[in-house]
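Summary of structural features
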Amino acid sequence: MSLKTEFLGFELENPWCLASAPPTATGKLMSDAFEVGWGAAIMKTVGPVEEPIINVAPRIHTYKKWNREIAMQNIELITDRKLSVWLEELKVLKKRYPKKMVIGSIMAPGHEMDAWARLIEEMNRVGCDAIELNLGCPHGMPERDMGAICSQDPEIVYNIVSTCKGASKVPILTKLTPNVTNIKVMAAAAKRGGTDAITVINTVNGIIGVDVYSRKPHLSVNGYTAVGGISGNAVKPIGLKCVAECKQATELPISATGGITTWSDGVEYLIMGASQLQLCTEVMIRGFKIISGLNQGIEKYMTEMGYTSIDEVKGTLYKNITSFDYLLKQSHSEKVRVNEETCTGCNICVVACRDAGYDALKLKGVPAHDRTKGTRNVADVIVDHCTGCNLCVAVCPVPECMSLYDSHEQFPYDLHTSYAQNTLT
Ligand SMILES: Cc1cc2nc3c(=O)[nH]c(=O)nc-3n(C[C@H](O)[C@H](O)[C@H](O)COP(=O)(O)O)c2cc1C
């Protein structure tokens, strides 16, 4: 079995890649990551030389549930290191690690094509294997005509990508913001401009939270905050959607980034249609060495599934992301069934179905597991009331206790009278 995979003509030792971010803030950090097994890394974005980069403090905060980070907000800018320092380090990196994919990352104003072309030439000169165009940073940079503002207008996307592609000797990845109404339009513009791949997603606009006692934002600069970039596991659903839509719009290779914390998050992106997997937040929290767990996890999965190569893991699920009307034609008369053996009678599904649904569940008594103990409660389905919405399955704390089945009734069914006709008077 091999984790090797081809991406933009480069043979990667595994599909994992460090996203452009604090873990790639210096050449030394990128080197440390390569040493422990990362196959590819994208430098922290560099901007036009004349643009001074001054960060605010603090600029990072997390949102935790049960002591685990669900999401992160940052208001960090691109690299504050000099372009000349970076160019020297990239040269060293490429010489020392010829088999690792070293990816440059650049940003310039959306209306200054000369600045884009100059940065491309510099990256070409030091031998980067590919160059990512950062058109996605949502804070600080848009005010300077850079970052996310550049991938919110297809004409600007086209101009930047065609300029860079025309100037570059190596493949171009275009990194888009998810903060648009229709990302397909932006991906298509990048394709028209000649991009070789799309990277999605950069961070999602957001505010991580408010301290209810101090009444200040969690990420507070003297009581003020700015709309920042949300990353981490919570943004994975948005990332999966953007991968699907960009793939549908372009059929280009996709480098996926957004909320990957485990090997299985990565596999989800591969199945959706991605070719490469970028991580940032999880590495910021747990360090470079998570790469061994990522590799072991995917290897175990491949063994279980009988796959011998990453290409076999990759899928085309993006083709099944379709319209609501099409789904309606696929839908059946689903009803829920309860496994009375494993149901604990916890009542969670009953409350959910009553207060947010169709009142199709009640508790009933059945003989206790220990027959000497009388009865125990289990959930019971009022079949005529059930519309197969799946809420009870989604909230049930016992794995596989509740499941849907095709009742083979007419579809769509008539709503039960107490639901459809009981009007509030
Ligand atoms: C603190 C921080 C700084 C970042 N800086 C950059 C950057 O300089 N260039 C860039 O393209 N993306 C930057 N990103 C975005 C990441 O590369 C990545 O696209 C995003 O965080 C989603 O992936 P994740 O959920 O694995 O973190 C940054 C993210 C964070 C959290």
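Below: a short report on this structure. This one's a predicted model, so the numbers in the text were calculated from it and none came from an experiment. Residue positions are counted from 1 within each chain, in the order its sequence is given. Where totals are concerned, whole chains, interfaces and linings use all residues; where local detail is concerned, this predicted model gives features only for residues with pLDDT of at least 70, and gives and counts side-chain atom pairs only at 80 or more. Only heavy atoms go into the side-chain values, all of them from the structure, while hydrogens and water stay out.

1. Description of the packing of helix 6 (residues 236-250) against helix 7 (residues 263-272)
All axes here are fitted lines through C-alpha atoms, helices being fitted over the stretch that makes contact, and every angle between N-to-C directions spans 0 to 180 degrees. Every helix listed is a DSSP run of H or I at least four residues long, and every strand listed is a run of E at least two residues long, numbered separately from the N terminus. It is at 9 Å that the axes of helix 6 and helix 7 come closest, and there the two elements cross at 20 degrees. With respect to helix 7, the element helix 6 is oriented roughly parallel. Of the two elements, helix 6 crosses helix 7, and the hand of that crossing is right-handed. Listed contacts from helix 7 to Lys236, Gly239, Leu240, Val243 and Ala244 of helix 6 are Asp265, Glu268, Tyr269 and Met272. Here the contact of helix 6 with helix 7 is composed, by residue class, of five nonpolar, one polar and three charged. For this classification, under 35 degrees means roughly parallel, over 145 means roughly antiparallel, 65 to 115 means roughly perpendicular, and everything else is oblique. Crossings are classed by handedness, with left-handed meaning an anticlockwise turn of the near helix from the far one by less than a right angle and right-handed meaning a clockwise turn. Contacts are assigned to residue pairs that have any heavy atoms within 4.5 Å of one another. Residue classes follow a fixed rule: Ala, Val, Leu, Ile, Met, Phe, Trp, Tyr, Cys and Pro count as nonpolar, while Asp, Glu, Lys and Arg count as charged, and any other residue, Gly among them, counts as polar.

2. A short note on the sheet that holds strand 5 (residues 60-65)
At least two bridges found by DSSP between two strands is the condition for calling them paired. The sheet built from four strands is open, its strands ordered 5-6-14-11 with antiparallel pairing. The outermost strands of the open sheet, each flanked by one partner alone, are strand 5 and strand 11 (204-206). Between one strand axis and the next, the sheet turns by 35 degrees as a mean value, whatever way the strands run. When strand 6 (residues 68-74) meets strand 14 (residues 228-231), the two strands line up antiparallel, connected through three bridges. Bridge assignment links glutamine 73 to a residue of strand 14, and that residue is isoleucine 230.

3. Observations regarding the pairing of strand 8 (residues 130-135)
Counting buried residues in strand 8 gives six out of six residues, a clear majority hidden from the surface. Side chains Ala130, Glu132 and Asn134 of strand 8 all project onto a buried face; the interleaved residues Ile131, Leu133 and Leu135 project onto the opposite face, where all are buried too. One crossover worth recording links strand 7 (residues 101-106) to the parallel strand 8 by way of helix 3 (residues 113-125), and it is right-handed. In terms of strand pairing, strand 8 meets strand 9 (residues 172-176) through five bridges, oriented parallel. Looking at strand 9, one finds that isoleucine 131 is bridged to isoleucine 172. Using a 1.4 Å probe on the protein chains alone, a residue whose accessible area is under 20% of its type maximum counts as buried, one over 50% counts as exposed, and one in between counts as partly exposed. Classification remark: right-handed applies to a crossover when, strands pointing away from the viewer, the course from the first strand over the helix to the second runs clockwise.

4. Notes on the site of the ligand
Close to the ligand lie 23 residues, the nearest being Ser20, Thr45, Lys175, Gly259 and Thr281. Here a polar contact means two N or O atoms within 3.5 Å. Within protein one must be a hydrogen donor candidate and the other an acceptor candidate, and residues neighboring in sequence count only if both atoms are side-chain atoms. Between an oxygen atom of the ligand and a main-chain N or O atom of glycine 259, the distance comes to 2.7 Å. Threonine 281 places a side-chain nitrogen or oxygen 2.5 Å from an oxygen atom of the ligand. Here the open area of atoms and residues is found with the Shrake-Rupley method and a 1.4 Å probe, where only the protein chains shown may cover a residue. Coverage of the ligand by the protein amounts to 98% of the 610 Å² it exposes when considered alone. Here a cavity denotes a set of grid points, spaced 1 Å apart and computed over the protein atoms alone, in which a 1.4 Å probe fits but from which it cannot get out, and a pocket denotes an open set meeting protein on both sides within 12 Å along at least five of seven lines; residues with an atom within 4 Å of a point are reported as lining. The way we define it, a molecule is inside a pocket or cavity when more than half of its atoms are within 2 Å of that pocket's grid points. The site holding the ligand turns out to be the largest cavity. Here, proximity means that at least one heavy atom of the residue falls within 4 Å of the molecule or strand.

5. Observations regarding the packing of aromatic side chains
Any two of the Phe, Tyr and Trp rings considered here, Trp counted by its six-membered ring, make a pair once their centres fall within 6.5 Å; the pair's planes then place it as stacked at under 30 degrees, edge-to-face at over 60, or tilted in between. Following the criterion strictly, the structure yields five aromatic pairs and no others. Between tyrosine 358 and tyrosine 419, the aromatic rings sit 4.6 Å apart at their centres with planes inclined by 45 degrees, giving tilted as the arrangement. Of this pair, tyrosine 358 sits in the loop between helix 12 (348-356) and strand 18 (361-367) while tyrosine 419 sits in helix 14 (residues 417-420), and the two are 61 residues apart along the sequence. Ring pairing ties together the aromatic residues Trp263, Tyr301 and Tyr307, which thus form one cluster. Taking the ring centre of tyrosine 413 as reference, the NZ or CZ of lysine 335 above it sits at 4.2 Å. Consider the ring centre and the ring normal. A charge sits over the ring if Lys NZ or Arg CZ is within 6 Å of that centre and within 35 degrees of that normal.

6. A short note on the layout of surface pockets
Each pocket or cavity is described by its volume, and for the largest pocket that value is around 200 Å³. In terms of lining residues, the largest pocket is bounded by 14 residues, among which Val56, Ile75, Leu77, Gly140 and Ala226 are the most central. Broken down by class, the residue content of the lining of the largest pocket amounts to eight nonpolar, four polar and two charged. A volume near 150 Å³ is recorded for the second largest pocket. Forming the boundary of the second largest pocket are 13 residues, of which Val49, Glu51, Arg81, Lys82 and Leu83 lie nearest the centre. Grid points are joined across faces, edges and corners, and a volume is the space filled by probe spheres set on the points.

7. Notes on helix 5 (residues 183-193)
Of the positions making up helix 5, those classed as buried are Ile183, Met186, Ala187, Ala189, Ala190 and Gly193. Within helix 5, the buried residues cover an arc of 160 degrees as seen down the axis, which keeps them to one side. Elements that come into contact with the buried residues of helix 5 comprise helix 4 (154-167), strand 9, strand 10 (197-200) and helix 6. The N-cap of helix 5, judged by a side-chain oxygen 3.1 Å from the amide nitrogen of lysine 184 a few residues on, is asparagine 182. What the arc measures is the spread of directions leading from the helix axis to the C-beta atoms.

8. Concerning the pairing of strand 9
Taking burial as the measure, the five residues of strand 9 include five buried ones, the bulk of the element. The side-chain alternation of strand 9 yields two buried faces, one formed by Ile172, Thr174 and Leu176 and the other by Leu173 and Lys175. Note that the unit made of strand 8, helix 4 and strand 9 has a crossover that is right-handed.

9. Considering the pattern of salt bridges
Basic side-chain nitrogens of Lys or Arg form a salt bridge, by our definition, when they fall within 4 Å of a carboxyl oxygen of Asp or Glu. For the structure shown, the criterion picks out 24 salt bridges. Among the ionic pairs, glutamate 69 bridges to arginine 286, the shortest N-O distance being 2.7 Å. Residue glutamate 69 is located in strand 6, and its partner arginine 286 is located in helix 8 (residues 281-286); the two are separated by 217 residues in the primary sequence. On the basis of relative accessibility, which here comes to 16%, the residue glutamate 69 falls in the buried class. For arginine 286, a relative accessible area of 40% gives the class partly exposed. As a salt-bridge pair, lysine 362 and aspartate 359 come within 2.9 Å of each other at their nearest N and O atoms. Within this structure, Arg68, Glu69, Glu282 and Arg286 form a network of salt bridges that share partners.

Just geometry here; none of it tells us what the structure is for.
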